[in-house]
Amino acid sequence: MTLTARKTKTLTGKSKKPKREKNPIAIAIGKRMRKARQEAHLTINDINEQRPDWSASRLRNYEQGFSLAGPEEVNYIANITRHSCCWIMFGKGPISAQTRTVQAIRHQNMVYLVNLARADNRFTFRNFLHQIQLTEQQITNHIEDPARNIGKRLGRRLENYFTKPKLWLDEQHIESDGLSTSYPPDLQALMAIHSELSPPERLLLLDMAKALQQYSSQ
């Protein structure tokens, strides 16, 4: 018997199977695949029936993080569950492929603010949790589950901690959009300005842009 084989022996003398290791990226993608499937009210069997070319355990291994789903598999799950392929693969952008709900916007902004709090050297993250009245586990649950309700009270506590105006959490902001890095820098700057203006000021900015467009076309 080899040394490796002896190491896998239990006290009863029976061989012990080596523990399967999980890839952190596979775990993250798998969790989002499972979330998309559950929100679409589909079971693993439902999807297996539509994909007879997949083994019975294939989707389960993806969702549990034992196997890393590729772009083709992610795209299939996104289409059948009507969820965003980008969100399932990277955790960026809205969870729904069709619409960006207030909940999706709140979640994206909350992720942004939590990351700011973790990087803030002036206060401990524990102080942040105390101010918004959540535990570390509750924050983790919110980050990992875009559908977990972010109520108005929690929204106001987050806004107050960062001295943001009321209802800031309910609006799209360029700095909290993970996809905005693909935009040209000048467009990012313009969108950042727009996101911080009041509704009347935004209309004024739009009028100024239209006037500039007419002037440049002459």
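Residues numbered from 1 in each chain as written. Predicted model: local features only at pLDDT ≥ 70, side-chain atom pairs only at ≥ 80, totals over all residues. Heavy atoms only, no water.

Enquirer: Where do I start with the pattern of salt bridges in this structure?
Expert: Side chains that differ in sign of charge can pair as their charged atoms come close. Applying the stated criterion across every chain yields a total of nine salt bridges. As a salt-bridge pair, Asp-53 and Arg-51 come within 2.7 Å of each other at their nearest N and O atoms. Residue classification places Arg-51 among the buried residues on the basis of a relative accessible area of 15%. Through salt bridges with shared partners, one network takes in Lys-35, Glu-39 and Asp-145. (Salt bridge = Lys/Arg side-chain N within 4 Å of Asp/Glu carboxyl O. Buried < 20%, exposed > 50% of the residue type's maximum accessible area, 1.4 Å probe, protein only.)

Enquirer: When you look at the side chain of Arg-156 in this model, what are you seeing that I'm missing?
Expert: Considering the arrangement of structural elements, one finds Arg-156 in helix 10 (residues 152–161). Its relative accessible area of 18% is what places Arg-156 among the buried residues. When near neighbours in sequence (up to four residues on either side) are disregarded, Arg-156 contacts Lys-166, Leu-167 and Asp-170. (Helix = DSSP H or I, 4+ residues; strand = E, 2+ residues; numbered from the N terminus. Contact = heavy atoms within 4.5 Å.)

Enquirer: Just to check I follow, could you spell out the nonpolar core for this structure?
Expert: For soluble globular proteins, nonpolar side chains are generally found buried alongside one another. Met-33, Ile-47, Leu-59, Ile-77 and Ile-88 are the most contacted members of the largest nonpolar core, which has 18 residues in total. Of all the elements in the fold, those that place two or more residues in this core are helix 2 (24–39), helix 3 (44–50), helix 4 (58–64), helix 5 (71–81) and helix 6 (85–90). For this core, the element with the highest residue contribution is helix 5, accounting for four residues. Leaving out residues up to four positions away in the same chain, Ile-47 has contacts with Arg-37, Leu-42, Trp-54, Leu-59, Tyr-76 and Ile-77. The next biggest cluster of nonpolar side chains, apart from the first, holds 16 residues, and it includes Val-114, Ala-117, Leu-129 and Ile-139. (Core = buried A, V, L, I, M, F, W, Y, C linked by side-chain atoms within 4.5 Å.)

Enquirer: Just checking my understanding: could you explain the packing of helix 8 (residues 125–132) against helix 10 for this structure?
Expert: The geometry of a pair of packed helices is captured by two quantities: the angle between their axes and the separation between those axes. Where helix 8 contacts helix 10, the axes come no closer than 9 Å and their chain directions differ by 135°. In terms of orientation, helix 8 lies oblique with respect to helix 10. Like other packed secondary-structure pairs, helix 8 and helix 10 cross with a definite hand, here right-handed. Taking contact as the criterion, the partners of Asn-127, Phe-128, Gln-131 and Ile-132 in helix 8 are, on helix 10, Leu-154, Arg-157, Leu-158 and Tyr-161. In terms of residue class, the contact of helix 8 with helix 10 is made up of five nonpolar, two polar and one charged. (Axes fitted to C-alpha atoms, helices over the stretch in contact; angles between N-to-C directions. Parallel < 35°, antiparallel > 145°, perpendicular 65-115°, else oblique. Left-handed = near helix turned anticlockwise from the far one by under 90°. Nonpolar A, V, L, I, M, F, W, Y, C, P; charged D, E, K, R; others polar.)

Enquirer: Looking at this structure, how should I read the side chain of Glu-73?
Expert: One can find Glu-73 in helix 5. What makes Glu-73 buried here is its relative accessible area of 13%. The contacts of Glu-73, once residues within four sequence positions are left out, are Trp-54, Arg-58 and Tyr-62.

Enquirer: Could you clarify how one ought to interpret the packing of aromatic side chains in this entry?
Expert: The geometry of an aromatic ring pair is captured by the separation of the ring centres together with the interplanar angle, meaning the angle of the planes. Enumeration over the complete set of coordinates arrives at seven aromatic pairs. Centroid distance Trp-54 to Tyr-76: 5.7 Å. Interplanar angle 65°. Geometry classified as edge-to-face. With a gap of 22 residues between them, Trp-54 in the loop between helix 3 and helix 4 and Tyr-76 in helix 5 connect regions that are remote in the sequence. The same class applies to Trp-54 and to Tyr-76, which are both buried. Through a chain of ring-to-ring contacts, the aromatic side chains of Phe-125, Phe-128, Tyr-161 and Phe-162 assemble into a single cluster. Cation over ring: Arg-51 sits above Tyr-76, and NZ or CZ is 4.6 Å from the ring centre. Residue placement shows Arg-118 over the ring face of Phe-125; its charged tip is 4.2 Å from the ring centre. (Phe/Tyr/Trp six-rings, centres within 6.5 Å; stacked < 30°, edge-to-face > 60°. Lys NZ or Arg CZ within 6 Å of the ring centre and 35° of its normal.)

Enquirer: So what exactly am I meant to see when it comes to unusual backbone geometry here?
Expert: Glycine aside, the phi torsion of most residues is negative, and most peptide linkages are trans. Of note, Arg-82 is a non-glycine position whose phi angle comes to about 60°, a positive value. Note that Arg-82 resides in the loop between helix 5 and helix 6. Among the residues examined, Arg-82 registers a relative accessible area of 58% and is labelled exposed. Positive phi, normally seen in glycine, also occurs at Thr-163, with a value near 50°. Position of Thr-163 among the secondary structure elements: in the loop between helix 10 and helix 11 (185–195). Taking relative accessible area as the criterion, Thr-163 reaches 70% and is therefore assigned exposed.

Enquirer: Sorry, what's going on with helix 2 here?
Expert: Relative to the 22 Å expected for 16 residues at 1.5 Å per residue, helix 2 spans 23 Å between its end C-alpha atoms, a close match to the ideal helical length. Every buried residue belonging to helix 2 is among Ala-26, Ile-29, Gly-30, Arg-32, Met-33, Lys-35, Ala-36 and Arg-37, and all of these are buried. Where the residues of helix 2 are buried, they touch helix 3, helix 4, helix 5 and helix 6. By the N-cap criterion, in which a side-chain oxygen at the helix start approaches the backbone nitrogen of a residue two or three places on, helix 2 is capped by Asn-23, the distance to Ile-25 being 2.8 Å. Of the residues flanking the end of helix 2, it is His-41, one or two places downstream, whose phi is positive at about 60°. (Expected span 1.5 Å × (residues − 1). Polar contact = N/O pair within 3.5 Å; in protein donor to acceptor, adjacent residues only side chain to side chain.)

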